[in-house]
Amino acid sequence: MGGGCKCSRYKVEVAGKSLPVLTNQDKGRYGVIVFENLDKYLNMDNWNRQLLDKYCRDYSVGIIGFVSPSEETLVGAQLRGFPLYVHTNLRLRDASLNPGSPILRLTRAGDTAWGPLPGNDWAIFQHNHSGYEPLEWAQKNVMDYPTDGVAQPPLATVLQDHGQQDGIQRILFGSGLKFWLHRLLFLDSLSYLSHGQLSLNLERRILIDIDDIFVGEKGTRLKPDDVHALIATQNRIEEMVPGFRFNLGFSGKYFHHGTHEENLGDDMLLRNVAQFNWFSHMWNHQQPHLYDNVTQLMNDMMLNKDFAKEHGIPTDSGYSVSPHHSGVYPAHELLYTAWKKVWNIKVTSTEEYPHLRPARLRRGFIHRNIMVLPRQTCGLFTHTICIDSYPGGRDKLDESIRGGELFQTIVYNPINIFMTHMSNYGNDRLALYTFESVIKFLRCWTNLKLTSVPPLQLGELYFKLHPEERDPIWGNPADDPRHAKIWAGNKRRTTLPKLLGLGPQKTGSTAFYTFLSMHPAVASNVPNSDTFEEIQFFNGNNYYRGLDWYLNFFPLQPNDTDDKFMFEKSATYFDGELVPKRAHALLPKAQLVTILISPAKRAYSWYQHIKAHGDPIANNYSFYQVITATEAEPKALRDLRNRCLNPGKYSQHLERWLACYPQQQLYIIDGEQLKSNPVAVMNDLQRFLKLPPFDYSRHLRFDNKKGFYCQVVSDNRNKCLGKSKGRQYPPMDDRSAKMLQKYYRIHNQALVKLLKKLGSRPIPQWLKEDLSVTS
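Residues numbered from 1 in each chain as written. Predicted model: local features only at pLDDT ≥ 70, side-chain atom pairs only at ≥ 80, totals over all residues. Heavy atoms only, no water.

Naming follows an unreviewed UniProt entry, where the chain appears as [heparan sulfate]-glucosamine N-sulfotransferase of Anopheles stephensi. Its UniProt record gives the chain the following Subcellular location (unreviewed entry) comment, quoted word for word: "Golgi apparatus membrane". According to its UniProt record, the chain has this under Sequence similarities (unreviewed entry): "Belongs to the sulfotransferase 1 family. NDST subfamily." (UniProt positions renumbered as here; feature names shortened; annotations may be inferred.)

As structure tokens, then:
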């Protein structure tokens, strides 16, 4: 049992043996209740059934139920508690819909879905009560049940219960979602029973790219008749899909590289330039990630641009597609730079983000102000020249069109960009058949409003619909064989970090960085000139600089140090809201180290730190004024308050990390122990990281002048952190201490619970003390 929908604004919850909590502060939590197995609903114990029925009546919530396959065959068996009779384990054919049903919204009562229905375990419903209305009918399969030519009455396979008996609306399915029509009816049932709350928009945009114009072996290219057919089909589709035009991507180097007749086809395309939309492929169809010089890449693009100008092809579409999706994702920064400079590209598309398959998981993102849209799969590839070469042949293609994968792709995606190739439009014109057929089928069986707009408008619309996708998520191309192939070769051996030091700030993270860097088996990133040792990639604007920027901090290791344990530390990672998700996408196996001290002490230390660096707010406001600033105060003061207070909500931030990483990869260091006994702390850490033993007791020594541990250089000389480290501040005033003790109490209590749940580290002394002080 569960309620919900595919729509991202809503959540599906799966119930266990007992009912979940149905209400929340006098509001119903579920818009629709779904039973995958109708028997579970019919045979609920009385107490739960009464609770559920009352909830459904009180909140006007409907129920969807599916008759599950069963070895037992029922003939005219009454459904428990209903004036309904069911026959099971039937083989059926020729489904049709009730055109008068109020449930139909996305689904249209089109023709009959001729032929056998999938499976041999269908159930049908019989009733003699006006409160029930069939939504779908089918016929017995005459091959299995001979009728001697006598016309048979239609059998109800999906039934609506109008709720006349008990005030609860229900929709009952005699089979599951293997039948394509049931997938549509399920969406409509969700919409109907939720009073429109769980509804898909009915508008669909379709763009069909034809890549590789002028590219192709002799004998596979377009001839004049194929160009005629392309224009004629486009005109027919445009009547069904307003605004439709094929979108042609050209590589000018291969113009007139076919047979005599195919070269005439090239000429005819150019005589009909105005009939189509156009975009630049690459001049020589070379993959952009193979270029490591932006000038060479731009020169290649300029050749294509010059060809376009010479032949009257428009150059202002703002759209381009990269051969084999190279350089778009994983992002090759040179491609984005060259596209901007030569073609002023604003939008592109790829099948690769985040992975080639499955198509339903593809997303968009924006990088360097170029919108990257997801492309959908239509099953036509470069080598799919004729219907016979389609994987599975004509039957498989027709299945995809008539309710199968291609049909459903358009049903579920508001925006569809299909990649096809010039060769799909020559020969037996496979692509023309495919798209014209699926559009006709959609018009027959759905009420979807199909339109088409140019790529730039499509991109703007896509990110209005999906604003949450604007930010990219960079994954490691080496983790995906397909991505590794379309990633620049000189980057493939980059050593990514095996450990992230998370911070937070002012807990001893710089000392940790220094001590870990001393280990001969460990190496850290090259320093960032802007932020010293910290890269600060996963939080803030550095992330938008792209993966190449990050990788430059981890240069290729010489052969003898290939196995170095690489790490990076950025103290701002700990409390960054987006950081765990971004870090996990790129470094899913990384170990995480965080250092915790009293959050009140940390807040005060941060205030004093930036005061010492001349921050005007810290110099003009006392610590107490900062931490008690209200929302009415100036933004700069509120920002400082947040930087003081928010990182100290340790449990909240750790939970966010643990939502992405398993607890076995998280190591928590007591910052006070790191300060007072770093040798023991670093020995424990190296055991956790499974590093070869390194004797820290010979390399760390307490420096009396500095008041903290430093690196041993010789018998009488230490190398210590800079003068800003270990600085002595005046003690915190009592008023601030009491306010912070109260402020952090609930967060510190949550931290104790979390540490106990993790079970790996003792409760720090400072945490016990913070909680034992009474206000």
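Take the packing of aromatic side chains next. With the rule as written, the count across this model stands at 51 aromatic pairs. For the ring pair Phe244 and Phe246, a centre distance of 5.0 Å and an interplane angle of 80° mean the geometry is edge-to-face. The same class applies to Phe244 and to Phe246, which are both buried. We note Arg394 situated over the ring of Tyr433; from NZ or CZ to the ring centre the distance is 5.3 Å. (Phe/Tyr/Trp six-rings, centres within 6.5 Å; stacked < 30°, edge-to-face > 60°. Buried < 20%, exposed > 50% of the residue type's maximum accessible area, 1.4 Å probe, protein only. Lys NZ or Arg CZ within 6 Å of the ring centre and 35° of its normal.)

The next subject is the state of the cysteines. Applying the stated criterion across every chain yields a total of 1 disulfide. Across the disulfide, Cys710 is cross-linked to Cys720 (sulfur-sulfur distance 2.0 Å). On the sign convention where negative means left-handed, the S-S torsion of about 105° between Cys710 and Cys720 marks this disulfide as right-handed. Highlighted residues: Cys710 in strand 29 (residues 708-714) and Cys720 in the loop between strand 30 (717-719) and helix 23 (734-758), separated in sequence by 10 residues. Exposure remark for Cys720: the relative accessible area of 26% places this residue in the partly exposed category. Cys386 carries a free sulfur, and the closest cysteine sulfur to it, the one in Cys378, is 16 Å from it. (Disulfide = S-S within 2.5 Å. Helix = DSSP H or I, 4+ residues; strand = E, 2+ residues; numbered from the N terminus.)

Within strand 6 (residues 62-66), 5 of the 5 residues are buried, which leaves the element mostly enclosed by the surrounding structure. On strand 6, burial covers both faces: Gly62, Ile64 and Phe66 on one face and Ile63 and Gly65 on the other are all buried.

Between helix 16 (residues 599-612) and helix 23, whose axes approach to 9 Å, the crossing angle comes to 125°. Relative to helix 23, the element helix 16 is oriented oblique. Taking contact as the criterion, the partners of Pro599, Ala600 and Ala603 in helix 16 are, on helix 23, Leu740, Tyr744 and Asn748. A breakdown of the residues in the contact of helix 16 with helix 23 according to their chemical character gives 5 nonpolar, 1 polar and no charged. (Axes fitted to C-alpha atoms, helices over the stretch in contact; angles between N-to-C directions. Parallel < 35°, antiparallel > 145°, perpendicular 65-115°, else oblique. Contact = heavy atoms within 4.5 Å. Nonpolar A, V, L, I, M, F, W, Y, C, P; charged D, E, K, R; others polar.)

Attention now moves to the sheet that holds strand 19 (residues 365-367). On the basis of which strands lie adjacent, the open sheet formed by 3 strands has the order 18-20-19 and mixed pairing. Every interior strand has two partners, whereas the edge strands, strand 18 (347-350) and strand 19, have only one. The mean angle between the axes of side-by-side strands here comes to 30°, regardless of whether they run parallel or antiparallel. Where strand 19 lies against strand 20 (residues 370-374), 3 bridges are found, and the strand directions are antiparallel. When the sheet's bridge partners are listed, Ile366 is paired in strand 20 with Met371. Most of the contacts of helix 7 (residues 333-343) go to strand 20, to which it runs at about 115°, and overall it touches strand 18, strand 19 and strand 20. (Pairing = 2+ DSSP bridges.)

In this structure, Phe246, Tyr425, Phe537, Phe538 and Tyr550 are the most contacted members of the largest nonpolar core, which totals 142 residues. Of the residues forming this core, the biggest block, 9 residues, is contributed by helix 10 (residues 430-445). Excluding residues that lie within four positions of it along the chain, Phe537 makes contacts with Trp474, Asn542, Tyr543, Gly546, Trp549, Tyr550, Tyr573 and Leu586. Ranked by size, the runner-up nonpolar core spans 26 residues in total, among them Leu38, Tyr55, Ile63 and Val86. (Core = buried A, V, L, I, M, F, W, Y, C linked by side-chain atoms within 4.5 Å.)

A few words on the pairing of strand 29. As paired strands, strand 28 (residues 700-703) and strand 29 are joined by 4 bridges and run antiparallel to one another. For Arg701, the partnering residue across the bridge sits in strand 29 and is Cys710. Across 3 bridges, strand 29 lies against strand 30 in antiparallel orientation. If you follow Ser714 over to strand 30, its bridge partner there is Arg717. Count of turn residues in the strand 29/strand 30 antiparallel hairpin: 2 residues.

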